[in-house]
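Examination of the molecular architecture
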Amino acid sequence: MVGVLLLLLLLPFLLYIAAPQIRKMLSSGVCTSTIQLPGKVAVVTGANTGIGKETAKELARRGARVYLACRDVQKGELVAREIQMMTGNQQVLVRKLDLADTKSIRAFAKRFLEEEKHLHILINNAGVMMCPYSKTADGFEMHMGVNHLGHFLLTHLLLEKLKESAPSRVVNVSSLAHHLGRIHFHNLQGEKFYQSGLAYCHSKLANILFTQELARRLKASGSGVTVYSVHPGTVNSELVRHSALMRWIWWIFSFFIKTPQQGAQTSLYCALTEGLEVLSGNHFSDCHVAWVSAQARNETVARRLWDVSCDLLGIPVDWLMMAAGPKRSLK
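Quick look at the structure, then. Predicted model, so just to flag it, every value in this text is computed and none were measured.

A few points about the sheet that holds strand S3 (residues 92-96)
The pairing of strands in a sheet comes from backbone hydrogen bonds and takes either a parallel or an antiparallel form. One open sheet holds the eight strands; their spatial order is S3-S2-S1-S4-S5-S6-S7-S8, and the pairing between them is mixed. Edge positions in the sheet fall to S3 and strand S8 (288-289), since each has one partner strand and no second. Where strand S5 (residues 168-173) meets strand S6 (residues 225-231), six bridges bridge the pair, whose relative direction is parallel. Bridge pairing in S6 places Val 170 opposite Val 227. Packing of helix H3 (residues 73-87) onto the sheet brings it into contact with strand S2 (65-70) and S3, and relative to S3 it is tilted by some 170°.

A short note on the side chain of Glu 54
Within the element layout of this structure, Glu 54 appears in helix H2 (residues 50-61). With relative accessibility at 18%, the residue Glu 54 sits in the buried group.

Remarks on the packing of helix H5 (residues 142-164) against helix H10 (residues 299-313)
Direction vectors running N to C along H5 and H10 enclose 80°, while the axes themselves pass 10 Å from each other. On the basis of the axis angle, H5 is roughly perpendicular to H10. From H5, His 148, Leu 149, Phe 152 and Leu 153 reach across to H10, where they touch Leu 305, Trp 306, Ser 309, Cys 310, Leu 312 and Leu 313.

So, how was this worked out
Residues numbered from 1 in each chain as written. Predicted model: local features only at pLDDT ≥ 70, side-chain atom pairs only at ≥ 80, totals over all residues. Heavy atoms only, no water. Pairing = 2+ DSSP bridges. Helix = DSSP H or I, 4+ residues; strand = E, 2+ residues; numbered from the N terminus. Contact = heavy atoms within 4.5 Å. Axes fitted to C-alpha atoms, helices over the stretch in contact; angles between N-to-C directions. Buried < 20%, exposed > 50% of the residue type's maximum accessible area, 1.4 Å probe, protein only. Parallel < 35°, antiparallel > 145°, perpendicular 65-115°, else oblique.

Have a look at this one:
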């Protein structure tokens, strides 16, 4: 017992000593693309903090017109001014988007489509993690509703604009946690059984399945839109705010957990790297194609999840084919 207590007391010190080597190992992925984005338009969800903020900042630094799609508009405005000052790019705009409410999603999309002629990059970054059991405004379990269904609907509403602006890209932020995820169609809303950690894992698996099925359908339609899912790494962000245990673990291992800037690198890599079109539908980690679980490779589950998601959201199953638009090159 004394030995265990001594180890716990020494753990922070040992981690501090080993931190440089461990952090270097865990933070190896860097987006090296030098492409500039003048005239391009990007939307980043959850861009008022963490990975989303860093992603938006880098896109703005490269000259893009960037929309910060945030639930907290006041906080978003502060971040927008910060990005404007740091990058010199005044085209950083904030728009209200609450992914836990389909009315808010539709209102955001309606306003965006009225304001913009193009959309080249959509980063579906926002998410919730380990929430106590709760439901969205539309009755969806919070993790599945925000992390999957909210972004599914947003992508549906913006897809025609993405196709008109092709070549364009969609990046869905998932997680290594998808390996523990399962799609329980009989309990998609967590009403029969619920565990907050697993609910997060299920939603992250849904992100990858959506990415693969969307990529398959986009390729079949020759749209010029490509889509990727990413694992950003273990990042020091507000995502763990709902779990005291996770906050404590994050604090203990803070010496080598990625910064939000490091965590944004793979999203940026998939959004910006030239020649990545042939890898549409793939999952990335540390700026490389990454292995996914057997569940994440199940095409039957992916197709069924697509159909069920459409049914829950009240949109046509073949909505992608209905969002037809001419392919244009803006190079």
